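Residues per chain, in single letters:
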Amino acid sequence: MKAKLSILFSLLVVGSMILSACGTPATPAATEAPAAPQATKAPTAEPVAVTKYNEAPALADQVKAGTLPPVEERLPDQPVVTTPLESVGKYGGTLHTASWWPEVGNVQLYFAVEAPIKWKADLTGYEPALVESYEWSTDGKTFTMHMRKGLKWSDGEPYTTADWKFWWEDIALNPDQKKWTIPSYLRNTDGTPITMEFPDDYTIVWKSTDRALWIDPYFMAQGFWEFGTNFMKPAHYLKDYLPKYTTTGKTWEDYQNADKWWQTPGYPCLFAWCLTELSSDGQNYTFTRNPYYWRVDTEGNQLPYIDAINVEIVADEQTRILNCSQGKYDTAFRICGGPNEIPFLADNAKNGGYHFLDKYMNGAGAWPGYMVNQDYVEGGKNYADDTPEHAKEIRDLLRNAEFRQALSIGFDRQRVVDVAWGGIADIKNYTLSPQSWHFAGAQGQAVYKKWAENYITFDAAAANAKLDALGMKKGADGFRTLPSGKPFEMVIDITDWGGSLKVQVDAADEMKKQWETNLGLKVKINNIQGQPDVDTRTNEGYFMLRGAHISEIDILTYPDWLFPVVNRYYFPLEGRWFARGGDACTEQPSEGKAYPCGLKPEDGSPAQLLQALYNKARGTGTEQGRHEVVWEAIDVHITQGPFVIGVSGDQPMPIIVKDYMKNILNFGVVGPWAPATPGNQIAAQWWMDK
Amino acid sequence: MASYIIRRVLYALIMIVLVSFVSFVIIKLPPGDFLTQKLSQLRARGDRSAEGQIETYRVRYNLDKPFLWQYSHWAWNFLHGDFGESFEYERPVREMLGERVTMTIILGIATLVVVWAMAIPLGVFSAVKQYSMGDQIITTLSFVGLGMPGFLLALLVLYFAITVLDVEATGLFSADYVNAAWSWARFVDLTNHLWIPAFISAVTGVGGLTRIMRGNLLDTLGQPFVEAARARGLKNGTVIWKHAVRIAINPLIVILGSEAIPGIIGGGGLVSVVLNLPTIFPLFIDSLRKLDMYMAGTCIVLITLLTLIGNLLADLVLAWIDPRIRLE
């Protein structure tokens, strides 16, 4: 018996040892021990006019071994000289950070943002990055980019118009695939694609037949997805996967699998770091320095300083926050929770060896804000009697400015901020991001102030007077009815929009309490977090109010928050009408889509005014002129709004970096993703002083 | 014996088909699918090409086909070793789960060893020294362990490890070893991390087993053959370990099959998520949330399979240890 038990035990032990020995390595490529940070001598001081170039020690070894051309041949003819923020750095080190989903988009924003055009570091506009320069024709219908001569992909192949031609002709215009379709900003007004011409190896010309392209090139600078995912196509590499060029029976599916630069090790890229390893379970990414990267510092050292960026996938937010508090990540943008996490992370900062970048804001124009659906229609099953007539009465109410103003002045914002935010937030009505470039300068600031302070003074008596004037009498249960006398329950949809379900739940509970007691409006909270119909309820116009997070820096590349030109937010169906080409749309209603062409804005309605202003902005040739049109549109929101009941905004965010990280700019806005922070700065100049 | 095993294997196959089918039905119940969620994410961040991409994915993942077609297509490929593609990761499920299955088994066995190595001596001590101070302490701790949910304990241990011990507590490897090939150093690194999940499972698992061991042994100690052994003048240790414990341990092996293995395989799910362990559970739970159908289906089948194999092994071990049991 004893013998049997001990055999059993040893079987367990041996079994577990065999299993651990059998475990295959996560990545076959990673056989050598991780290299220690290869910090070397600080680069020697040289005259500012850079004539001689230095490189990372690991690359120098490869040059010596003959496996890599010398640095002068790898750099473009005119390398871009980047002035370091604090100091010329030392080479070496692997930067560890995390993400929560396979696209690792939050890390792509570090460096995969150097499109032909990128955001300026202070977010006040755009500047050339991957291309040397660009210009528009006087009528704006032609846009020309001049590429950098001698710039190369990370495998040494030249980057020329051939790559653009490949993308445009073989991918984007190819009717056999639908994944990389031509976005609306590369189309003429009539919906046909603009033409793209390549007169020589380094010149790209966009031509529209019927509209100015003043704004459209800036789309390339938005987030990590517009350029990196859609336009960055190494023709020499991808041709092997394209059905047209191969005889090995490759399909479009094979092509799609290969054409993901952030998941395909060896995919040539143009950024400071390119993907070299991805563990077989998809949980660990390594981006290694691009030996052909085109920036140097003021002493001629080729960037980046940091050897590699390592990303682990940690799906659970609480686990990430704990890891952050322990100082596990060298840089942590967008992974350590929201404003309510700041006190906890501050307590552990000393132990964890990290500090906050305290000028990193969320950029929230409203967080939370309650969108009031201007296109409310039947179909949302918010009550038993879900008919078009009933819906129309509610829509008329929601479209009534007096009603929305009553909502906006009918509650005490400070109390909501205390409940949901522990007091950390500015009280304001909804706006774009306070840091938006439309608000730069004295005039912009005045517009911002007027908008943010519009209808925020709590005045229950005035609010009740407005509701009384609308004919909303109180019924038997003490709650106000619709003007017709039908009972009315105002449904507020909420999700974790903005990143925290708790904030939205806490805030909505407080809103319900206040609107019910102050105004006698019956409120129902509809928590639809994780429900697959969240989008349907918004885009088909089924919701009444929805808890939202509003933020945007450049409203012309992301017009959704100001102009009803897309199928979204608080003008979902009027926006759809504009996006589907207005009266030209002929699609017939189908199951679950009662308004496939949206709703045409009524004459003189705010939606009509705003759509006209959007077209005006698109046709305006100067930056200042466009800002002025934006201010005009904001004036519509001020005088005919509010369309969103903003509660608070401009919260700071917990962005932490280890104390040894150098050259990191302490400014960014992480709520909206389009401004691509921290990619507003040049991450290639970051270095580790350890 | 052979026919018994064959019969059990057949039952297991039927069970797996049923479980996988039912889980597919459940995943399909809510309105919408993975792509409606993905579309809203892409739109929310302002991706202008989202709508076009989604249709491509719908065709690629066969989400435009009827439910029964999807299930049978997946099941047929499963039999051929193709578990389908994870929607979220856009990678073959098989590739993603490869090392994680191994890790799940290692963790399960490590837990089992720790739990048993602690529960049996503690139970024996508790029974032999009934109502002593030691017994009272063990009993109290057992009830705490029984009552405490694993994930809560995991959070407490994490907090303690981070704020007091200042050690790295999540994952199974340090950042430097995650991608490394297996080596002695990596193994040491693994054991440095393994103690936390093992400790958590031990605290939650040991309590119950200790109580059972204690109760059984108390019953056995009162039996005439124990008296007889003592009367023959055998040493106390021999009486307890050779005569009483070998009888009292049988129910523990029954529990190993019926409760312990499923408990360890299934119950560790939330702990794995909290500790970010590279087992199949974090992927499983995430796939359920995202309606990532083929990933979730494969995880369920694997978990069922591991449980059924564990059950069968426990039954065989019991028959081997206790000659009175016949398997027919």
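Model, not experiment: these values are computed from the prediction.

The next point concerns the overall build of chain B. Along its length, chain B carries 14 helices and two strands. Dimensions of chain B, computed from the C-alpha atoms along their principal axes, are close to 85 × 55 × 40 Å. Burial status across chain B gives 40% buried among its 328 residues. Restricting to contacts in chain B with at least 6 residues of sequence separation, those with at least 24 account for 72%.

So, on to the overall build of chain A. Each helix and strand counted, chain A has 21 helices and 26 strands in total. Against the compact-globule benchmark of 26 Å for 690 residues, chain A has a radius of gyration of 28 Å, which places it among compact chains. Here the C-alpha coordinates of chain A stretch approximately 85 × 85 × 55 Å along the principal axes. With 690 residues in all, chain A has 51% of them scored as buried. Of the contacts formed within chain A by residues at least 6 apart in sequence, a portion of 71% connects residues at least 24 apart.

The next thing to look at is helix 15 (residues 441-452) of chain A. Residues and elements named next belong to chain A. End to end, helix 15 covers 16 Å across twelve residues, agreeing with the expected 16 Å (1.5 Å per residue, within 8%). Considered for burial, the residues of helix 15 that qualify are Val-447, Tyr-448, Trp-451 and Ala-452. Within helix 15, the buried residues cover an arc of 125 degrees as seen down the axis, which keeps them to one side. Exposed and facing more than 90 degrees away from the buried side of helix 15 are Ala-442, Gln-445 and Ala-446. Residues of helix 15 that are buried in the fold lie against helix 21 (623-640).

Looking now at the sheet that holds strand 5 (residues 131-136) of chain A. All names here are of chain A. An order of 5-6-8-7 is seen for the four strands of this open sheet, with the pairing classed as antiparallel. At either margin of the open sheet sits one strand with a lone partner, and together these are strand 5 and strand 7 (195-200). Neighbour to neighbour, the strand axes of the sheet diverge by 20 degrees on average, direction disregarded. In this structure, strand 6 (residues 142-147) lies alongside strand 8 (residues 203-207), joined through five bridges in antiparallel fashion. Among the inter-strand pairings, Thr-142 is bridged to a residue of strand 8, identified as Lys-207.

All names here are of chain A. The amide bond that connects Gly-641 to the next residue, Pro-642, takes the cis arrangement and shows omega of -5 degrees. Structurally, Pro-642 can be placed in the loop between helix 21 and strand 21 (644-646). The omega torsion of the bond from Thr-677 to Pro-678 falls at 10 degrees, within 30 degrees of zero and hence cis. Checked against the element boundaries, Pro-678 lands in the loop between strand 25 (668-669) and strand 26 (687-688).

This brings us to the nonpolar core. Generally speaking, soluble globular proteins have nonpolar side chains that are buried together. Ranked by internal contacts, the top residues of the largest apolar core, which has 258 residues, are A:Phe111, A:Val372, A:Val644 and B:Cys299. Broken down by element, the residue count for this core peaks at 16 residues, all from helix 5 (residues 93-128) of chain B. With residues up to four places along the chain from it excluded, the contact list for A:Phe111 reads A:Phe271, A:Ala272, A:Trp273, A:Gly679, A:Ala683 and A:Ala684.

Here we take up the sheet that holds strand 10 (residues 284-289) of chain A. All names here are of chain A. Read across the sheet, four strands follow the order 2-12-10-9 without closing on themselves; strand pairing throughout is mixed. Both outer strands of the open sheet, strand 2 (94-99) and strand 9 (273-278), are each paired with one neighbouring strand and no more. Direction aside, neighbouring strands of the sheet carry axes that sit 25 degrees apart on average.

In this section: the confidence of the model for chain A. Per-residue pLDDT for chain A averages 88, and the proportion of residues at 70 or more is 93%. Of the regions scoring below 50 in pLDDT, residues 11-47 of chain A engages in 66 contacts with residues more than four places distant in sequence or in other chains.

Another aspect to go through is the pairing of strand 18 (residues 489-494) of chain A. Residues and elements named next belong to chain A. Direction of pairing for strand 18 relative to strand 19 (residues 522-527): parallel, over a ladder of six bridges. By the bridge assignment for strand 19, Ile-494 is matched with Asn-527. Once the chain exits strand 18 it traverses helix 17 (residues 501-519) before rejoining the sheet at strand 19, and the crossover so formed is right-handed. Relative to strand 20 (residues 545-550), strand 18 runs parallel, the two sharing two bridges. When the bridges of strand 20 are listed, Ile-492 appears paired with Leu-545.

Residue and element names in this part refer to chain A. Tracing the chain through its elements places Val-63 in helix 2 (residues 57-65). For the pair Val-63 and Leu-482, spaced 419 residues apart in sequence, the C-alpha to C-alpha distance is 78 Å. Residues contacting Val-63, with those up to four places away along its chain left out, are Leu-68 and Pro-70.

The side chains of a regular strand alternate, first on one face of the sheet and then on the other. Residues and elements named next belong to chain A. In terms of burial, strand 16 (residues 366-372) is largely enclosed, as seven of its seven residues are buried. Here strand 16 shows two buried faces, one formed by Ala-366, Pro-368, Tyr-370 and Val-372 and the other by Trp-367, Gly-369 and Met-371. Where strand 16 and strand 20 come together, five bridges link them in antiparallel fashion. Looking at strand 20, one finds that Ala-366 is bridged to Ile-550. Alignment of strand 16 against strand 21, held across three bridges, turns out to be antiparallel. Bridge pairing in strand 21 links Gly-369 to Gly-646.

Residue and element names in this part refer to chain B. Two numbers describe how helix 5 lies on helix 14 (residues 293-321): the axes approach to 11 Å, and their chain directions differ by 35 degrees. Read as a crossing pair, helix 5 and helix 14 show a hand that is right-handed. Note on element contacts: helix 14 touches helix 5 through Tyr-294, Met-295, Thr-298 and Leu-302, opposite Val-93, Leu-97 and Val-101. Looking at the contact of helix 5 with helix 14, its residues break down into six nonpolar, one polar and no charged.

Mean pLDDT for chain B: 81, with 92% of residues reaching 70 or above. In the model of chain B, helix 11 (residues 250-267) of chain B stands out as the element of lowest mean pLDDT, 71, in contrast to helix 9 (residues 224-231) of chain B, which has the highest, 88.

This next bit is on the packing of helix 5 of chain B against helix 6 (residues 133-147) of chain B. All names here are of chain B. One way to put it is that helix 5 packs onto helix 6 with a least axis distance of 8 Å and a crossing angle of 135 degrees. As the angle between them shows, helix 5 and helix 6 are arranged oblique. Where helix 5 crosses over helix 6, the two elements pack in a sense that is left-handed. Between helix 5, through Leu-122, Phe-125 and Ser-126, and helix 6, the contact on the second element is made entirely by Gly-134, Asp-135, Ile-138 and Thr-139.

Rules and cut-offs
- Residues numbered from 1 in each chain as written.
- Chains lettered and ligands numbered in written order.
- Predicted model: local features only at pLDDT ≥ 70, side-chain atom pairs only at ≥ 80, totals over all residues.
- Helix = DSSP H or I, 4+ residues; strand = E, 2+ residues; numbered from the N terminus.
- Buried ≥ 20, exposed ≤ 12 C-beta atoms within 10 Å, placed from the backbone.
- Contact = placed C-beta atoms within 7 Å.
- Rg over C-alpha atoms; globule rule 2.2 N^0.38 Å.
- Expected span 1.5 Å × (residues − 1).
- Arc of directions from axis to C-beta.
- Pairing = 2+ DSSP bridges.
- Axes fitted to C-alpha atoms, helices over the stretch in contact; angles between N-to-C directions.
- Core = buried A, V, L, I, M, F, W, Y, C linked by C-beta atoms within 7 Å.
- pLDDT = per-residue confidence, 0-100.
- Right-handed = clockwise from strand over helix to strand, strands pointing away.
- Left-handed = near helix turned anticlockwise from the far one by under 90°.
- Nonpolar A, V, L, I, M, F, W, Y, C, P; charged D, E, K, R; others polar.
- Parallel < 35°, antiparallel > 145°, perpendicular 65-115°, else oblique.

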